[in-house]
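This is what each chain is made of:
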Amino acid sequence: MSEFLHMSGYAVYVWTSYIVGVGALLINVWWARRNLARARLAAARRIATRESAP
Amino acid sequence: MSWAWFHRFGSPPYFYRVAGLLTPWFAWPAAVLLVVGLGWGLFVSPPDKLQGDAYRIIYIHVPNSWLSLMSYSAMAVSAAIGLIWRIKVAHAVAAAIAPAGAAFTAVSLLTGMLWGQPMWGTYWAWDPRIVFELVLLFFFLGYIALRSAIDDLNRADRTSAVLAIVGVVNVPIVHYSVIWWNSLHQAPSVLRTDGPSMPIQMLAPLLVSFLGFTLYFVAVMLVRARAEVLHRERGGDWIREAVAMHGNSP
Amino acid sequence: MSSLQSSAWRAASTVIRRDLLLAFRRPGEWLQPLAFFLIVTLLFPLSTDPELARLRQLAPAALWVALLLASMLALDFLFREDANDGTLEQLALSGQPFAVLLLAKTATHWMLTGLPLAVVAPLAAVALGAPASSVPQVLVTLLLGSVSLSLIGSIGAGLTLGVRRSGALLSLLVLPLAIPTLVFGARATQLAMVGESVAGPLYLLGALAVLGLTLAPLAAAAAVRISLE
């Protein structure tokens, strides 16, 4: 197991790469979904103000 | 018949609805393929003779590189469609691609650096492919910056579309740079006319990961594009339903 | 020449004449990029060991970076005035091919900024240790490079017309496009300074200039039209 983590001496490079790569994937997902939620809220607010205005 | 399909996608309510339905069909397979592909590459495939286990970075680096080029091209094509046919949804798609595209490019550069240090002995080299990939990152960032600097959304869309189209010339340059110049990068070993030169045990997880990354890209793009379409809405009943339909769940 | 072509040609020369006239009324403005270039070039020997051999190594890079930065500075003068007073709109509506008119403006701009920079630069090169024999070749490389930079700059200027305080954004957009010109130009200057043939990079610089000449006005016209909407 530790042999595997060691990655024949390249541990730092390999694991950092994977953390960066997978991390970017996760951040993008979270960010995109948050974006959509906020856009929904903003659109709802816009409709509300439009409909309440005379 | 095909043009009707094309125009239907240009309608914001249709796009919003269909994109929402399609997203899980891309997202879940992407997740599975990524776990399988990356896991295979990380745990199962055998170490390389020359590079030992360091070559495993390829499973992150290469798909991100390919996707940086593919996503920029998609962004440029979308922007061109929006500009020529004045379809707002196309602009929304282009805007949706940019952040992910920038991320792919950045990860490609970073993992390239992390791979370069053990392999070539240096984190950075003024190698043509690396330089032009960096240029691609600047184009993505420039696109995002230009878009946010212009207040009027319509003008922002169209101005940044011109930039996206101008920058697409960079994409073939990145790909062919390893052939045109003496470069640290090797000549293409997969996208070649006489077939790939990598052994199948190493190639297979790469292709699986690449497919996973591509589906992931489409899924994220769909989610962002829906948000962008909402920003551009001008009214109409569909908005009320779209926003109320899912309640508070995303 | 067909009458359509000759009217476009006449319109272009009118634009050039007008722009030159306006520029000569305010010569101070056009000297600014030149002064900036000289100051930046001066900063290099001041910030490092002023031994001539070392400066000679630094000179091509210093010259081209200074050229690039001075060109960025000068881009502000390209479209902004005419956009503010409505002239640009008139040109767009004139019925003449807009790209040709913008090319005429860019050409005038180059004559007033790029050309003087390219002429002064070899002198700065000599000050940084270049042999006097290299001056003609250095001049040619800088002339070609400045043409490309003006053309690329016109795209950036067109894109950022609608943006306030666009200095940094303009650089972000123009510099990536300018990198090939920078790379080949610096290489050509370097070869010229050691007395070797500059043919290779010079041809590439020429190709870039021609490419810019054909494509840049079209992109700039598209960008400006959108900004004027």
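Residues numbered from 1 in each chain as written. Chains lettered and ligands numbered in written order. Predicted model: local features only at pLDDT ≥ 70, side-chain atom pairs only at ≥ 80, totals over all residues.

### Digging into the overall build of chain A
Line of reasoning, step 1. Scanning chain A from terminus to terminus reveals two helices and zero strands.
Line of reasoning, step 2. Each of the 54 residues in chain A was classed as buried or not, and the buried ones make up 19%. (Helix = DSSP H or I, 4+ residues; strand = E, 2+ residues; numbered from the N terminus. Buried ≥ 20, exposed ≤ 12 C-beta atoms within 10 Å, placed from the backbone.)

### Notes on the overall build of chain B
Line of reasoning, step 1. Each helix and strand in chain B was counted, giving nine helices and zero strands.
Line of reasoning, step 2. Of the regular secondary structure in chain B, the N- to C-terminal order runs α-α-α-α-α-α-α-α-α.
Line of reasoning, step 3. By residue count, 47% of the 250 residues in chain B fall in the buried class.
Line of reasoning, step 4. Counting only contacts in chain B whose residues sit at least 6 apart along the sequence, the fraction spanning at least 24 positions is 77%. (Contact = placed C-beta atoms within 7 Å.)

### A look at the nonpolar core
Line of reasoning, step 1. Of all hydrophobic cores here, the largest spans 153 residues; its most connected members are Met221 of chain B together with Leu67 of chain C.
Line of reasoning, step 2. Beyond its immediate chain neighbours, meaning those up to four positions away, Leu67 of chain C contacts Phe37, Leu117, Ala121, Leu142, Gly145, Ser146 and Leu149 of chain C. (Core = buried A, V, L, I, M, F, W, Y, C linked by C-beta atoms within 7 Å.)

### Section: unusual backbone geometry
Line of reasoning, step 1. Despite not being glycine, Arg86 of chain B has its phi angle at roughly 50°, a positive value.
Line of reasoning, step 2. Here Arg86 of chain B lies in the loop between α3 (58-85) and α4 (88-120).
Line of reasoning, step 3. On the basis of neighbour count, Arg86 of chain B is assigned to the partly exposed category, with 13 C-beta atoms found within 10 Å.
Line of reasoning, step 4. The phi angle at Arg165 of chain C is positive, at roughly 45°, despite the residue not being glycine.
Line of reasoning, step 5. Secondary-structure assignment places Arg165 of chain C in the loop between α7 (135-159) and α8 (167-193).

### Considerations on the interface of chain C and chain B
Line of reasoning, step 1. Across the boundary between the two partners, chain C contributes 15 residues, which contact 15 residues of chain B.
Line of reasoning, step 2. Breaking the side of chain C that touches chain B down by element, the ones donating at least two residues are α7, α8 and α9 (199-228) of chain C.

### What about α3 of chain B?
Line of reasoning, step 1. Across its 28 residues, α3 of chain B extends 40 Å between first and last C-alpha, which sits within 8% of the 40 Å expected from 1.5 Å per residue.
Line of reasoning, step 2. Arg86 of chain B occupies a position one or two residues after α3 of chain B and carries a positive phi of about 50°. (Expected span 1.5 Å × (residues − 1).)

### A look at the interface of chain A and chain B
Line of reasoning, step 1. Listed per partner, the contact involves 25 residues of chain A and 32 residues of chain B.
Line of reasoning, step 2. Within the side of chain A that touches chain B, the residues separate by chemical class into 16 nonpolar, seven polar and two charged. (Nonpolar A, V, L, I, M, F, W, Y, C, P; charged D, E, K, R; others polar.)

### Things to note about the environment of Arg26 of chain C
Line of reasoning, step 1. Turning to its location among the elements, Arg26 of chain C is positioned in the loop between α1 (3-25) and α2 (27-47).
Line of reasoning, step 2. Linking Arg26 of chain C and Leu159 of chain C, residues 133 residues apart in sequence, is a C-alpha distance of 26 Å.

### Structural notes on the arrangement of the chains
Line of reasoning, step 1. Among two pairs of chains with at least one contact, chains A and B form the most extensive contact set.
Line of reasoning, step 2. Chain C makes no contact with chain A, the minimum C-alpha separation between the two being 24 Å.

### Some remarks on the environment of Asp53 of chain B
Line of reasoning, step 1. Considering the arrangement of structural elements, one finds Asp53 of chain B in the loop between α2 (12-44) and α3.
Line of reasoning, step 2. The spatial distance from the C-alpha of Asp53 of chain B to the C-alpha of Leu42 of chain B is 8.7 Å, given a sequence separation of 11 residues.

### So, the packing of α7 of chain C against α8 of chain C
What describes two packed helices is the angle between their axes and the distance between those same axes.
Residues and elements named next belong to chain C.
Line of reasoning, step 1. Orientation of α7 relative to α8, taken along the N-to-C sense of each, is 175°, at an axis distance of 9 Å. Compared by their axis directions, α7 and α8 come out roughly antiparallel. Together, Gln137, Val138, Thr141, Gly145, Ser148, Leu149, Ile152, Gly153, Gly156, Ala157 and Leu159 of α7 and Leu170, Leu173, Val174, Leu177, Ala178, Thr181, Gly185, Ala188, Thr189 and Ala192 of α8 make up the contact between the two elements.
Line of reasoning, step 2. When its residues are assigned to classes, the contact of α7 with α8 shows 12 nonpolar, nine polar and no charged. (Axes fitted to C-alpha atoms, helices over the stretch in contact; angles between N-to-C directions. Parallel < 35°, antiparallel > 145°, perpendicular 65-115°, else oblique.)

### Overview of the packing of α7 of chain C against α9 of chain C
Residues and elements named next belong to chain C.
Line of reasoning, step 1. Two elements in contact, α7 and α9, have axes separated by 7 Å at closest approach and are oriented at 20°. By the angle between their directions, the pair α7 and α9 is classed as roughly parallel. With respect to the hand of their crossing, α7 and α9 are arranged in left-handed fashion.
Line of reasoning, step 2. Tallied by class, residues from the contact of α7 with α9 come to 17 nonpolar, eight polar and no charged. (Left-handed = near helix turned anticlockwise from the far one by under 90°.)

### Remarks on the environment of Pro47 of chain B
Line of reasoning, step 1. Looking at the secondary structure, you find Pro47 of chain B in the loop between α2 and α3.
Line of reasoning, step 2. C-alpha separation for the pair Pro47 of chain B and Met202 of chain B, spaced 155 residues apart in sequence, amounts to 9.1 Å.

### Details of the confidence of the model for chain B
Line of reasoning, step 1. Residues of chain B with pLDDT of at least 70 account for 89%, and the chain-wide mean is 86.
Line of reasoning, step 2. In the model output, the complex is listed with pTM 0.87 alongside ipTM 0.86. (pLDDT = per-residue confidence, 0-100.)

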